[in-house]
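Residues per chain are reported as follows:
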Amino acid sequence: MEIYSDNRGRVIWLTVSSDEIRVDLQDLSPNFEYERCAVVKDVDAVCKALKSDFENIEAKLLEKLENQMTAFDLFTELLDNHEIYFEYFSGRR
């Protein structure tokens, strides 16, 4: 689901499933395109870090990230602070 967008071309999505939690960021402008992606396979660790069960984890993440221009960084900081491994991709065009 889209959790942030602005008129400067930034869009951030959150995807939550029992297999993974994923945050994607895309910055688009006429002269620049940048993408980042963070994927966590240990969903239980995220639930534990947020003191939540799986049924409420999406709502907990939305409380922290929705409508935040820095949602991607907030998510990866949460993971780093709780020493949760995640896969990371970053790319430019």
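Here, the structure is the one placed above.
In this text the structure is predicted, and so the values were computed from the model without any measurement. (Residues numbered from 1 in each chain as written. Predicted model: local features only at pLDDT ≥ 70, side-chain atom pairs only at ≥ 80, totals over all residues. Heavy atoms only, no water.)

A. Region of interest: the overall build of the protein. The helix and strand tally for the protein stands at three helices and five strands. Taken over the C-alpha trace, the protein has a radius of gyration of 13 Å; the compact-globule value for 93 residues is 12 Å, and the two agree within 12%. Projecting the C-alpha coordinates of the protein onto the three principal axes gives extents of approximately 40 × 20 × 20 Å. The long-range share in the protein, meaning contacts at least 24 apart out of those at least 6 apart in sequence, stands at 47%. (Helix = DSSP H or I, 4+ residues; strand = E, 2+ residues; numbered from the N terminus. Rg over C-alpha atoms; globule rule 2.2 N^0.38 Å. Contact = heavy atoms within 4.5 Å.)

B. A look at the environment of Leu28. Position of Leu28 relative to the elements: it lies in strand E3 (residues 21-29). Of the residues examined, Leu28 reaches a relative accessible area of 36% and is grouped as partly exposed. For Leu28 and Arg10, which are 18 residues apart along the polypeptide, the C-alpha to C-alpha distance reads 6.3 Å. When sequence neighbours within four positions are dropped, the list of residues in contact with Leu28 reads Arg8, Gly9 and Glu33. (Buried < 20%, exposed > 50% of the residue type's maximum accessible area, 1.4 Å probe, protein only.)

C. Molecular detail of the pattern of salt bridges. Evaluated as defined, the whole model comprises five salt bridges. Close ionic contact of Asp24 with Arg22 constitutes a salt bridge, the shortest N to O distance being 2.8 Å. Residue class for Asp24 comes out buried when judged on its relative accessible area of 15%. Given the relative accessible area of 30%, Arg22 is considered partly exposed. Residue Asp73 is joined to Arg36 by a salt bridge in which the shortest nitrogen-to-oxygen separation is 3.0 Å. Residue Asp73 is located in helix H3 (residues 71-81), and its partner Arg36 is located in strand E4 (residues 32-40); the two are separated by 37 residues in the primary sequence. Relative accessible area serves as the criterion here: at 14%, Arg36 is assigned to the buried category. (Salt bridge = Lys/Arg side-chain N within 4 Å of Asp/Glu carboxyl O.)

D. A look at the environment of Asn31. Note that Asn31 resides in the loop between E3 and E4. On the accessibility criterion, Asn31 (75% relative accessible area) is exposed. Taking the C-alpha atoms as reference points, Asn31 and Val11, 20 residues apart in sequence, are found 16 Å from one another.

Geometric descriptors of this kind do not, in isolation, establish any biological role.
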